[in-house]
Amino acid sequence: MTFMPWTEELQVGIAEIDEQHRWLVDQTNALHDALQASARPELVGELLEGLMDYTMNHFIVEENLFIRSDYPHSEAHLAQHNLFSGQVMSLLSRHDLGEAVGLEALELLKAWLIHHILKVDKAYVEHIRNHGAG
């Protein structure tokens, strides 16, 4: 069974954002599979770093949508991005120090992605569409 299945409920209806969210979910599942297979720590680190890099690029795409559409709640949304980025960077630092953080990372990723997509991201979709930015 897939750790975090992609469902239509996770789609926001903006193709580029949905594609990026899908990739993040797929990579979260890849991290889960690697941990289940007792993958070497280097692979876990590579997956965490890849997730972090891609997430940062995804945040830039969202933030550009906010700028183009003058999204009124962008400051609060960006604060959530910054909080999440800090949490992932902390996990990466701890991993680099030899701590096993894979399961904690999985739980963070799953909880954050589901909450962020279903609640926070879906809240901007109508505004973005109404302002022709998405």
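Note: the structure precedes this text.
Keep in mind that what you see is a predicted model, and the values were worked out from it rather than measured.

Participant: Honestly, the overall build of the protein in this entry has me stumped. Any pointers?
Facilitator: Scanning the protein for helices and strands turns up 4 helices and 0 strands. Across the protein, helices and strands are ordered from the amino to the carboxyl terminus as α-α-α-α. Its C-alpha atoms give the protein a radius of gyration of 15 Å, near enough to 14 Å, the size a compact globule of 134 residues would have. Principal-axis analysis of the C-alpha atoms places the extent of the protein at approximately 45 × 30 × 20 Å. Per-residue burial for the protein yields a buried fraction of 43% across its 134 residues. Intrachain contacts of the protein at a sequence separation of at least 6 include 74% that bridge at least 24 residues.

Participant: Before we go on, may I ask you to explain helix α2 (residues 41-69) in this structure?
Facilitator: Along an α-helix, a turn takes 3.6 residues, which lines up residues three or four apart on a common side. Taking 1.5 Å as the rise per residue, α2 with 29 residues should run 42 Å; its terminal C-alpha atoms sit 42 Å apart, in good agreement. Positive phi appears at Asp 70, one or two residues downstream of α2, with a value of about 55 degrees.

Participant: In this structure, what is going on with the packing of aromatic side chains? I would like to understand it.
Facilitator: Given two aromatic rings, one states the distance between the centres and the angle between the planes to describe the pair. In total, this model carries 7 aromatic pairs according to the counting rule given. Residues Phe 66 and Tyr 124 carry aromatic rings whose centres are separated by 5.1 Å and whose planes lie at 75 degrees to one another, so their mutual orientation is edge-to-face. Separated by 58 residues along the polypeptide, Phe 66 in helix α2 and Tyr 124 in helix α4 (residues 102-130) bring together distant segments of the chain. By the burial criterion, Phe 66 is buried, and Tyr 124 matches it. Taken together, a centroid distance of 3.9 Å and an interplanar angle of 20 degrees make the contact between Phe 84 and Trp 112 stacked. With Phe 84 in helix α3 (residues 74-96) and Trp 112 in helix α4, the pair connects residues that are 28 residues apart, well separated along the chain. By the burial criterion, Phe 84 is buried, and Trp 112 matches it. Looking at Lys 110, its charged tip hangs above the ring of Phe 3, at a distance of 4.7 Å from the centre.

Participant: Before we go on, may I ask you to explain the nonpolar core in this structure?
Facilitator: Counting 37 residues, the largest nonpolar core has Leu 31 and Tyr 124 as its most contacted members. If you list the elements that add at least two residues to this core, you get α1 (15-36), α2, α3 and α4. Looking at this core element by element, the count peaks at 10 residues for α4.

Participant: Even after reading the chapter, I still don't get unusual backbone geometry, so can you show me in this structure?
Facilitator: The phi torsion of most residues other than glycine is negative, and most of the peptide bonds are trans. With a phi angle near 55 degrees, Asp 70 is a residue other than glycine that sits in the positive phi range. You can see Asp 70 is positioned in the loop between α2 and α3. Asp 70 gets classed as exposed once you look at its relative accessible area, which sits at 63%.

Participant: Teacher, can you tell me more about the layout of surface pockets here?
Facilitator: It is a probe the size of a water molecule, rolled over the atoms, that shows where empty space is left. Here the largest pocket defines a volume of roughly 160 Å³. Contributing to the lining of the largest pocket are Leu 35, Ala 39, Pro 41, Val 44, His 95, Gly 98, Glu 99, Ala 100, Val 101, Gly 102 and Leu 103. The class makeup of the residues in the lining of the largest pocket is 7 nonpolar, 3 polar and 1 charged.

Rules of the game
Residues numbered from 1 in each chain as written. Predicted model: local features only at pLDDT ≥ 70, side-chain atom pairs only at ≥ 80, totals over all residues. Heavy atoms only, no water. Helix = DSSP H or I, 4+ residues; strand = E, 2+ residues; numbered from the N terminus. Rg over C-alpha atoms; globule rule 2.2 N^0.38 Å. Buried < 20%, exposed > 50% of the residue type's maximum accessible area, 1.4 Å probe, protein only. Contact = heavy atoms within 4.5 Å. Expected span 1.5 Å × (residues − 1). Phe/Tyr/Trp six-rings, centres within 6.5 Å; stacked < 30°, edge-to-face > 60°. Lys NZ or Arg CZ within 6 Å of the ring centre and 35° of its normal. Core = buried A, V, L, I, M, F, W, Y, C linked by side-chain atoms within 4.5 Å. 1 Å grid on protein atoms, 1.4 Å probe; cavity = no way out; pocket = protein on both sides within 12 Å on 5 of 7 lines; lining within 4 Å. Points joined across faces, edges and corners; volume = space filled by probe spheres on them. Nonpolar A, V, L, I, M, F, W, Y, C, P; charged D, E, K, R; others polar.

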